[in-house]
Amino acid sequence: RDFITKPFTSPDQILQGRVPGLNIANRSGDPGAPIDVRIRGIGTTGNNQPLWVIDGVPIVQTSNVTVNTGSSTETNPLASINPNDIESIDVLKDASASAIYGARAANGVIIVTTRRGKEGRTSMTYDGYVGSQYVPKGRRFDMLNVAQYIDLQNELGRNLSSFAGRPFVDWQDAIFQRGGYKQADLQIRGGTDRTKFFSSFQHLDQTGTIIGNNLIRSTGRLNLDQKANDWLDL
């Protein structure tokens, strides 16, 4: 549970660098961008993504947050999940996965268990994060100045008349911005020996370092466990 002290936008970020043999890569730098997860390497055919199971239920790949990666629109099935709702994550990458989930576990299984209510006094927890993100000047590409650019065009034998009188613009200054990150989490938890509950609410607003890229997400969740009698739990 050491990841609870850090702001994550998606559960896949929690696993990065923590599980041997597990490779995670974002397909773009957009907030909430699609991801590639590899547990058993890359197969010759078909989908190489592992099976994600949330509280015993496989994720439905069609009901996800959608982001634009430039040439096409793809989805990240995990970007709609509040990471602070997660109790534990287990990665199955051997024969045990196939024994439980069959052919769907050919690429491995990642099991996510979310938090539930506990017997005891009702507790309320609030977490808030505020930050910024930007591309430092030292990490940008070195651009030609006006004189260098004209010399380059002359060497290429191009007609520079169309550039006469036009101001020189560094395209990096035109598209980069200082992004922001705001996240607020509220959790309420408690219960008795027969009734336990856990509820959470989160609002996340992340602005990317390129103009027009952002992720805004509001989630709410209620988990209720009721012991109806000695042999029935709801």
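Scroll up for the structure.
Keep in mind it's a predicted model, so treat the numbers as computed, not measured.

What counts and what doesn't
Per chain, residues are indexed from 1 in the order of the written sequence. Local features in this predicted model are restricted to residues whose pLDDT is 70 or higher, and side-chain atom pairs enter the listing and the counts only when it is 80 or higher, whereas totals over whole chains, interfaces and linings include all residues. Values reported for side chains reflect all heavy atoms of the structure, with hydrogen atoms and water molecules removed beforehand. In this scheme, strands are said to pair when DSSP sees at least two bridges between them. In this description a helix means any DSSP run of H or I spanning at least four residues, a strand means any run of E spanning at least two, and both kinds are numbered starting from the N terminus. Only Phe, Tyr and Trp rings take part, Trp by its six-membered ring, and two of them pair if their centres are within 6.5 Å. Stacked means planes under 30 degrees apart, edge-to-face means over 60, and tilted covers everything else. Throughout this description, the term charge over a ring refers to an Arg CZ or Lys NZ atom that lies within 6 Å of the ring centre and within 35 degrees of the ring normal. Salt-bridge detection follows one rule: a side-chain nitrogen of Lys or Arg within 4 Å of a carboxyl oxygen of Asp or Glu. The buried label applies to any residue whose accessible area, calculated with a 1.4 Å probe on protein chains only, is under 20% of its type's maximum; exposed applies above 50%, and partly exposed to all values in between.

### A short note on the sheet that holds strand β4 (residues 57-58)
- Reading across from one edge, β4-β3-β8-β7 is the order of the four strands in this open sheet, with mixed pairing throughout. Since the sheet does not close on itself, it has two edges, and those belong to β4 and β7 (86-92), each with one partner.

### Here's the deal with the sheet that holds strand β12 (residues 214-229)
- Ordered in space as β9-β10-β11-β12-β13, the five strands form an open sheet in which the pairing is antiparallel. Whereas interior strands pair on both sides, the edge strands pair on one side only; in this sheet they are β9 (120-133) and β13 (232-233).
- Relative to β12, strand β11 (residues 195-207) runs antiparallel, the two sharing 13 bridges. Looking at the pairing, Ser199 lines up with Leu222 of β12.

### Here's the deal with the packing of aromatic side chains
- All told, the structure shown has zero aromatic pairs when counted by the stated rule.
- Looking at Arg178, its charged tip hangs above the ring of Tyr134, at a distance of 4.3 Å from the centre.

### Structural notes on the pattern of salt bridges
- A complete count under the given rule lists five salt bridges for this structure.
- The salt bridge partner of Glu87 is Arg189, with a shortest N-O separation of 4.0 Å. Taken together, the residues Glu87 in strand β7 and Arg189 in strand β10 (residues 179-191) connect sequence positions 102 residues apart.
- Of the residues examined, Glu87 reaches a relative accessible area of 29% and is grouped as partly exposed.
- With a relative accessible area of 13%, Arg189 lands in the buried category.
- The closest approach of N and O atoms between Asp233 and Lys227, which form a salt bridge, is 3.7 Å.
- Within the structure, one salt-bridge network assembled from shared partners comprises Glu87, Arg115 and Arg189.

### Quick notes on unusual backbone geometry
- The backbone phi angle of Asp55 is positive, close to 50 degrees, even though this residue is not glycine.
- Considering the arrangement of structural elements, one finds Asp55 in the loop between β3 (51-54) and β4.
- Looking at Asp55, the relative accessible area reads 37%, which means it is partly exposed.

Purely geometric numbers; function is a separate question.
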